Amino acid sequence: MKEGIGTFLWKISVALYLIANGVLGLSKGGDFKIIFDHLLKGNAGIFIIIAGVIALVAGVAIILEMFNIKLSFLETLIFIIAIIWVVFVIVELVTWITGGYSGSNLWHVLQKLAVHLMVLASLLIASKKFG
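A few points on the structure. What you see is a predicted model, and the numbers here were worked out from it, not measured in a lab. (Residues numbered from 1 in each chain as written. Predicted model: local features only at pLDDT ≥ 70, side-chain atom pairs only at ≥ 80, totals over all residues. Heavy atoms only, no water.)

What follows is about the nonpolar core. Residues Leu 18, Phe 32, Ile 81, Trp 85 and Leu 123 are the most contacted members of the largest nonpolar core, which totals 28 residues. For this core, the elements supplying multiple residues, two or more each, are helix H1 (5–26), helix H2 (30–40), helix H3 (45–66), helix H4 (74–100) and helix H5 (106–127). Broken down by element, this core gets its largest block of residues, nine residues, from H4. Every residue in contact with Phe 32, bar those within four places of it in the chain, is listed here: Asn 21, Asp 37, Ile 48, Ala 51, Gly 52, Ala 55, Ile 81 and Trp 85. (Core = buried A, V, L, I, M, F, W, Y, C linked by side-chain atoms within 4.5 Å. Buried < 20%, exposed > 50% of the residue type's maximum accessible area, 1.4 Å probe, protein only. Helix = DSSP H or I, 4+ residues; strand = E, 2+ residues; numbered from the N terminus. Contact = heavy atoms within 4.5 Å.)

Written as structure tokens, this is what we have:
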């Protein structure tokens, strides 16, 4: 292992997150359901499945690259997932700012936003186009 333990664990966590959401997306669940239901007001079945397939393949590709198996399409897949996350974070912020959340649950909103920003940051770092 040429990289430090932090980088190794970060890659594993991003890969597992993508694989888990990919599998959940194939059954029309997980974070992609939340994202696309929010964006498309519940008419998102095919988009959830497509995003799930992309995430699953990207997660497996990250694992393979950890074993020095290079895949040319990995950058594109991670970039697509990152774009989905950027749009979702923007929609969440707009909803929050325009009054979609009351002050009583501010800490829950901030916690959710922080998680989505951590996922986005990890995707951007993994894409190497931004990281």
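Next up on the list: the side chain of Ser 122. Within the element layout of this structure, Ser 122 appears in helix H5. Judged by relative accessible area, Ser 122 falls into the buried class, the value being 18%. Engagement of the side chain of Ser 122 in a polar contact is seen with the side chain of Trp 10, the distance being 3.3 Å. With residues near it in sequence (within four places) discarded, Ser 122 still touches Trp 10 and Val 14. (Polar contact = N/O pair within 3.5 Å; in protein donor to acceptor, adjacent residues only side chain to side chain.)

Let's shift gears to the environment of Phe 79. The topology assignment puts Phe 79 in helix H4. For Phe 79, a relative accessible area of 28% puts it in the partly exposed group. Separated by 37 residues in the primary sequence, Phe 79 and His 116 place their C-alpha atoms 15 Å from one another.

The next subject is H3. Taking 1.5 Å as the rise per residue, H3 with 22 residues should run 32 Å; its terminal C-alpha atoms sit 32 Å apart, in good agreement. Of the positions making up H3, those classed as buried are Ile 48, Ala 51, Gly 52, Ile 54, Ala 55, Ala 58, Gly 59, Ala 61, Ile 62 and Glu 65. (Expected span 1.5 Å × (residues − 1).)

Between two aromatic rings, the relevant description is the distance of the centres plus the angle of the planes. The tally for this structure, following the rule as stated, stands at three aromatic pairs. Consider the rings of Phe 32 and Trp 85, whose centres lie 5.8 Å apart with planes at 80°: the pair is edge-to-face. Taken as a pair, Phe 32 in helix H2 and Trp 85 in helix H4 lie far apart in primary sequence, 53 residues in all. Each member of the pair, Phe 32 together with Trp 85, is buried. Centroid distance Phe 36 to Phe 47: 5.9 Å. Interplanar angle 25°. Geometry classified as stacked. In this pair, Phe 36 sits in helix H2 while Phe 47 sits in helix H3, placing the two residues 11 residues apart along the sequence. By relative accessible area, which is 41% here, Phe 47 ends up partly exposed. Ring-pair connections join several aromatic residues into one group, and the members of that group are Tyr 17, Phe 32 and Trp 85. (Phe/Tyr/Trp six-rings, centres within 6.5 Å; stacked < 30°, edge-to-face > 60°.)

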